[in-house]
Amino acid sequence: MTDELRGGIDGAGLKVAIAVARFNEFITGRLLAGAREGLEAHGVSADDVAVAHVPGSFELPLTVRRLARTGRFNAVIAIGAVIKGETDHYDFVAGEAAKGIASASADTGVPVIFAVLTTHTVEQAINRSGGKNGNAGYTAAISAIEMANLLRNIEARP
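Computed from a predicted model, the values in this text were never measured in an experiment.

Describing the nonpolar core
Next, step 1: Within the largest apolar cluster, 26 residues are counted, with the highest numbers of intra-cluster contacts made by Ile18, Leu39, Ile77, Ile79 and Leu117.
Next, step 2: Of all the secondary structure elements, the ones that give two or more residues to this core are strand S1 (16–21), helix H1 (25–41), strand S3 (75–83), strand S4 (112–119) and helix H5 (136–156).
Next, step 3: Here Ile77 is in contact with Val16, Ala17, Ile18, Ala19, Leu39, Ile113, Ala115, Ala140, Ala141 and Ala144, once residues within four sequence places are set aside.

Brief notes about the sheet that holds strand S2 (residues 49–54)
Next, step 1: With parallel pairing, the four strands of this open sheet are ordered in space as S2-S1-S3-S4. Of all the strands in the sheet, the pair left with one neighbour each is S2 and S4. Ignoring which end each strand starts from, the neighbouring axes of this sheet average 15° apart.
Next, step 2: As judged from the six bridges shared by S1 and S2, these two strands associate in the parallel manner. Among the inter-strand pairings, Ile18 is bridged to a residue of S2, identified as Val51.

Remarks on the packing of helix H2 (residues 60–69) against helix H3 (residues 89–108)
Next, step 1: Running from amino to carboxyl end, H2 crosses H3 at an angle of 15°, the nearest separation of the two axes being 8 Å. The orientation of H2 with respect to H3, classified from their angle, is roughly parallel. Judged by the sense of rotation from one axis to the other, the crossing of H2 with H3 is right-handed. Taking contact as the criterion, the partners of Leu60, Pro61, Val64, Arg65, Ala68 and Arg69 in H2 are, on H3, Glu96, Ala97, Gly100, Ile101, Ser103, Ala104, Asp107 and Thr108.
Next, step 2: Residue classes in the contact of H2 with H3 are distributed as seven nonpolar, three polar and four charged.

A closer look at the layout of surface pockets
Next, step 1: When its volume is computed, the second largest pocket comes out at roughly 150 Å³.
Next, step 2: Looking at the second largest pocket, it is lined by 14 residues, and the ones nearest its centre are Phe114, Ala115, Leu117, Arg128 and Ala136.
Next, step 3: Put simply, the parts of the chain that give the lining of the second largest pocket at least two residues each are S4, strand S6 (134–135) and H5.
Next, step 4: Counting residues per element, the lining of the second largest pocket draws most heavily on S4, which supplies six residues.

Considering the side chain of Ser57
Next, step 1: Tracing the chain through its elements places Ser57 in the loop between S2 and H2.
Next, step 2: Among residues more than four places away in sequence, those in contact with Ser57 are Ala21, Gly80, Ala81, Val82, Val93, Ala97 and Val116.

Conventions we followed
- Residues numbered from 1 in each chain as written.
- Predicted model: local features only at pLDDT ≥ 70, side-chain atom pairs only at ≥ 80, totals over all residues.
- Heavy atoms only, no water.
- Core = buried A, V, L, I, M, F, W, Y, C linked by side-chain atoms within 4.5 Å.
- Buried < 20%, exposed > 50% of the residue type's maximum accessible area, 1.4 Å probe, protein only.
- Helix = DSSP H or I, 4+ residues; strand = E, 2+ residues; numbered from the N terminus.
- Contact = heavy atoms within 4.5 Å.
- Pairing = 2+ DSSP bridges.
- Axes fitted to C-alpha atoms, helices over the stretch in contact; angles between N-to-C directions.
- Parallel < 35°, antiparallel > 145°, perpendicular 65-115°, else oblique.
- Left-handed = near helix turned anticlockwise from the far one by under 90°.
- Nonpolar A, V, L, I, M, F, W, Y, C, P; charged D, E, K, R; others polar.
- 1 Å grid on protein atoms, 1.4 Å probe; cavity = no way out; pocket = protein on both sides within 12 Å on 5 of 7 lines; lining within 4 Å.
- Points joined across faces, edges and corners; volume = space filled by probe spheres on them.

Laid out in structure tokens, this is it:
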């Protein structure tokens, strides 16, 4: 018999932090709204959600690491939007944000969910932040709940 561990998406009692970049706020604001909606729709109380605003996606890794290290949160969501322009800036910011956010999760043991859009166009970002492709913030909220519950289940097993 195989022992299967699952997280489930009941967020009751969970505490979640969200770090959101102000750069491209017309997109990140929509992602933040989606994340809040997803958390509340799955039982996370609005009082159990903390939001930290940072200048841009490059500042997300440090912030999510600090939030995770407090021990106050079951999961952290990193929200940003890096839209490709005509320079290499996109590659550096997107790559460093991804590496730093993944590292924060691995180093702290707290699930840190990557909700940083990396798109080629503004239209693609709009489509992924509540447009025809759904809202990546909402999806990130569900992932945060599932991962927090999965880790609880892993720790509860003998």
